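Structural features, examined
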Amino acid sequence: MTHDVTEAAPAVPGHATSDARRTQPVRRAPGGTRGAGHRGDAWRKRLEILVFVTPALALIALFVAWPIVTAVRFSVYDWKGFGDLTDFVGLENYAEVLGDEVFRSAVGHNMVIVVGSILLQLPLGVAIALLLNRKMRGQGLLRTIIFVPYVLAEVIAAVVWLQLLQPRYGFIDALTVQVGLTPPEQGWLGTPEYALWIVLLVLTWKYLGLAVLLFLAGMQGISEELYEAAQLDGASWWQTQWRITIPLLGPTMRTWAFLSMIGSIQCFDMIWVLTQGGPADATATMATYLIDEGTKRHNYGIAGAASVILFVVAFAMALAYQVLVLRRDVTDDAPAKQHRTKRKAA
């Protein structure tokens, strides 16, 4: 009987075999240099975040948080702007503001501007964006003409329209006479029945360029393959826009509507220059109401209460829109993000 005897090679002191090097795990002592390096990187990242975030937080605290706190403080005092805050009245200023018929009308005017701006600018913006998205002569010039009003400062644009709408001597009145109509005797901005609607048209002219710009940007993100597939299926241009462009433009439309809503609630500059809330408070908004109470009547407590109510209304509408409308976009994007994550993992 034979035996196969395999002799192991003698180990060389101080040297490990290549297999042992590959299989033997590397162990580091707790609290070694690697752990200290990780902790150092973490502290470095925290310090970088602190350095970059601190200026922004300081600006927010100075120009947002502090004015809100100050307005809340003024709103519970009967203060005319002179002396110390000594006449504490609690919630009486809020009750007076909410009971004021002018303020309630101002809230209604804000809602008219919110709804009217969306109903006018949305279809016009989509139509103009679809037109400018096609190749044509003078496309760049047309885009510039549409966007120029938005670039103009609100005060400058309001002064221009104030001159155009001057009674009897303005361009609009002259044009109205030329077409055989009779303009209002007190002017378009001086007649309560027309003033708010004229202001709404001016606001539409001013901010339509932003809607067109956002919609054009949204159209650039739509894949050309979808249009090519629609053409192969025999779809017309209108069918392609209705079935592809407008549905895929939905997130951009909803984002624009959010911006338009917040801007309409806070609208002040153009209305103040055009009408100062008149005639007979026909164009008053919450912003013009609180400015009028504070600067003209020196009721800083009332103005503070009105500003807090304006903030609460804007915040509530923004939160409701976020939950009811914009949340849909986040929910719709979740499956696509999960699918992309799975593909990367695979």
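As the structure is a computational prediction, the values presented were derived from the model and not from experiment.

**Focus: a negative patch on the surface**
- On the surface, a cluster of negative charge is contributed by D78, D87, E92 and E96.
- Looking at the secondary structure, you find D87 in the loop between α2 (33–75) and α3 (92–99).

**Topic: the pattern of salt bridges**
- On inspection of all chains with the given rule, the structure shows four salt bridges.
- A salt bridge links K296 to D292; the shortest N-O distance between them is 3.7 Å. Placement of the pair is K296 and D292 together in helix α13 (residues 286–296), with a separation of four residues, close to one helical turn.
- Note on K296: relative accessible area 45%, which makes it partly exposed.
- The network of salt bridges with common partners includes D292, E293, K296 and R297.

**Some thoughts on the environment of V160**
- Mapping V160 onto the fold places it in helix α6 (residues 154–164).
- Among the residues examined, V160 registers a relative accessible area of 41% and is labelled partly exposed.
- Residues V160 and L274, 114 residues apart in the sequence, show an inter-C-alpha distance of 9.6 Å.

**Re the packing of helix α4 (residues 101–132) against helix α8 (residues 192–220)**
- Running from N to C, α4 and α8 cross one another at 45 degrees; their axes reach a closest spacing of 7 Å. Comparing their axes, α8 and α4 come out oblique. Every pair of crossing elements has a handedness; the one defined by α4 and α8 is right-handed.

**Remarks on unusual backbone geometry**
- In this structure, P279 follows G278 across a cis peptide bond, with omega equal to -5 degrees.
- Tracing the chain through its elements places P279 in the loop between α12 (269–274) and α13.
- Of note, the phi angle at R168 is positive, near 70 degrees, even though the residue is not glycine.
- Within the fold, R168 resides in the loop between α6 and α7 (171–178).
- With phi around 60 degrees, D281 is a residue other than glycine that occupies positive phi space.

**Overview of the nonpolar core**
- Judged by nonpolar contacts, the single largest core of 36 residues is most densely connected at V97, F103, F215 and I265.
- Elements with a minimum of two residues in this core: α3, α4, α8, α11 (250–265), α13 and α14 (300–345).
- Excluding residues that lie within four positions of it along the chain, V97 makes contacts with F103, Y289, I302, A305, A306 and I309.
- If you look at the next biggest cluster of nonpolar residues, it comprises 16 residues, including I113, L165, I198 and M270.

**A look at α13**
- Where burial is concerned, most of α13 is hidden: eight out of the eleven residues are buried.
- If you check which residues of α13 are buried, you get M286, A287, T288, Y289, L290, D292, E293 and G294.
- The positive-phi residue at the C-terminal boundary of α13 is H298, with phi of around 55 degrees.

**What about helix α9 (residues 224–232)?**
- Where α9 begins, one side-chain oxygen reaches toward the backbone nitrogen of E225, 3.2 Å away; that side chain belongs to S223.
- Trailing α9 by a residue or two, G234 shows a phi angle of about 85 degrees, which is positive.

**Structural notes on the confidence of the model for the chain**
- Mean pLDDT for the chain: 85, with 84% of residues reaching 70 or above.
- Across residues 334–339, where pLDDT falls below 50, the model places zero contacts with residues more than four positions away in sequence or in other chains.

**Examining the packing of aromatic side chains**
- The final tally for this structure, using the stated rule, is 13 aromatic pairs.
- Three or more aromatic residues joined by ring pairs make a cluster, and in this case those are F74, W79 and Y300.
- If you follow R134 out to its NZ or CZ, it ends over the ring of W237, 4.6 Å from the centre.
- The lysine or arginine in question, K206, covers the ring of Y207, its NZ or CZ lying 4.8 Å from the ring centre.

**Examining the environment of F311**
- Its place among the elements puts F311 in helix α14.
- Take F311: its relative accessible area is 44%, and that puts it in the partly exposed class.
- Distance in space between the C-alpha atoms of F311 and Q266 is 9.1 Å, their sequence separation being 45 residues.

Cut-offs and rules
Residues numbered from 1 in each chain as written. Predicted model: local features only at pLDDT ≥ 70, side-chain atom pairs only at ≥ 80, totals over all residues. Heavy atoms only, no water. Patch = residues over 30% accessible without salt bridge, like charges linked within 9 Å, V, L, I, M, F, W, Y side chains within 5 Å. Areas by Shrake-Rupley, 256 points an atom, 1.4 Å probe, with all protein chains shown as cover. Salt bridge = Lys/Arg side-chain N within 4 Å of Asp/Glu carboxyl O. Lys, Arg positive; Asp, Glu negative; His and termini not counted. Charge placed at Lys NZ, Arg CZ, Asp CG, Glu CD. Helix = DSSP H or I, 4+ residues; strand = E, 2+ residues; numbered from the N terminus. Buried < 20%, exposed > 50% of the residue type's maximum accessible area, 1.4 Å probe, protein only. Axes fitted to C-alpha atoms, helices over the stretch in contact; angles between N-to-C directions. Parallel < 35°, antiparallel > 145°, perpendicular 65-115°, else oblique. Left-handed = near helix turned anticlockwise from the far one by under 90°. Core = buried A, V, L, I, M, F, W, Y, C linked by side-chain atoms within 4.5 Å. Contact = heavy atoms within 4.5 Å. Polar contact = N/O pair within 3.5 Å; in protein donor to acceptor, adjacent residues only side chain to side chain. pLDDT = per-residue confidence, 0-100. Phe/Tyr/Trp six-rings, centres within 6.5 Å; stacked < 30°, edge-to-face > 60°. Lys NZ or Arg CZ within 6 Å of the ring centre and 35° of its normal.

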